[in-house]
Amino acid sequence: MQLKKLEWQRLYPVKKLLFLGAWLFCVFVVVVMTISFVRDENIVDFLYGGGTCGIAFVTVRPMIKYVRTSYHCMPYLNKIFSKCEQETFVASEEFQFFESVEVNNVSA
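This one's a predicted model, so the numbers in the text were calculated from it and none came from an experiment. Residue numbers run consecutively from 1 along every chain, following the written order of its sequence. Residues qualify for local features only when their pLDDT is at least 70, as the model is predicted, and side-chain atom pairs are given and counted only at 80 or more; totals for whole chains, interfaces and linings, by contrast, use all residues. The basis for every side-chain value is the complete set of heavy atoms in the structure, and neither hydrogens nor water enter the calculation.

S.K.: Would you explain a nonpolar patch on the surface in this entry?
M.R.: The patches reported here contain residues having more than 30% relative accessible area and no salt bridge. Joining distances are 9 Å for like charges and 5 Å for nonpolar side chains (Val, Leu, Ile, Met, Phe, Trp, Tyr). Using a 1.4 Å probe, the Shrake-Rupley method yields the accessible areas, and only the shown protein chains count as cover for residues. Any carboxyl oxygen of Asp or Glu within 4 Å of a side-chain nitrogen of Lys or Arg constitutes a salt bridge here. A surface patch of nonpolar side chains, amounting to about 520 Å² of accessible area, comprises Ile43, Val44, Phe46, Leu47 and Tyr48. Considering the arrangement of structural elements, one finds Ile43 in helix 3 (residues 43-68). Judged by its relative accessible area of 48%, Ile43 is partly exposed. By definition, any uninterrupted DSSP run of H or I lasting at least four residues is a helix, any uninterrupted run of E lasting at least two residues is a strand, and each is numbered from the N terminus. Type-normalised accessible area, obtained with a 1.4 Å probe on protein chains alone, sets the label of each residue: buried when under 20%, exposed when over 50%, and partly exposed for intermediate values.

S.K.: Any chance you could explain the side chain of Thr52 here in plain terms?
M.R.: Inspection of the secondary structure assignment puts Thr52 in helix 3. Aside from chain neighbours lying at most four places away, what touches Thr52 is Cys26, Val29 and Val30. Pairs of residues are marked as contacts when any of their non-hydrogen atoms sit within 4.5 Å.

S.K.: Any chance you could explain the state of the cysteines here in plain terms?
M.R.: As used in these notes, a disulfide is a covalent bond between sulfur atoms, one from each of two cysteines. What counts as a disulfide here is a pair of cysteine sulfur atoms lying within 2.5 Å. Within this structure, the stated rule accounts for 0 disulfides. For Cys26, which is in no disulfide, the shortest distance to another cysteine sulfur is to Cys53 and amounts to 9.9 Å. Classification of Cys53 as partly exposed rests on a relative accessible area of 37%.

S.K.: Even after reading the chapter, I still don't get the pattern of salt bridges, so can you show me in this structure?
M.R.: Oppositely charged side chains are able to pair whenever their charged atoms sit close together. In the structure shown here, the tally under the stated rule is 1 salt bridge. Asp40 is the partner of Arg39 in a salt bridge, and the nearest nitrogen-oxygen pair spans 3.5 Å.

Have a look at this one:
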């Protein structure tokens, strides 16, 4: 439960939806430009569709990886442990938030 709260405080589910929506919009543009090119034989639509298709093709793997990641607030542990194991790790933890940390710069 605490991990879900941390996820929502950092807006990771919203970021996932925005990223997925942007990628699906690229796919939609590719389909529309392909239909427009076939119907009107306009080379500009073909070039726009090809560019957008390239963007969608290059970003498909990072998009899938980002959307399928279970908890972004535990960056390394989410690759090793399952979602249930991560929840049991932090079940008895008490998280405290702080504004900032001051670091003293020591000059040589």
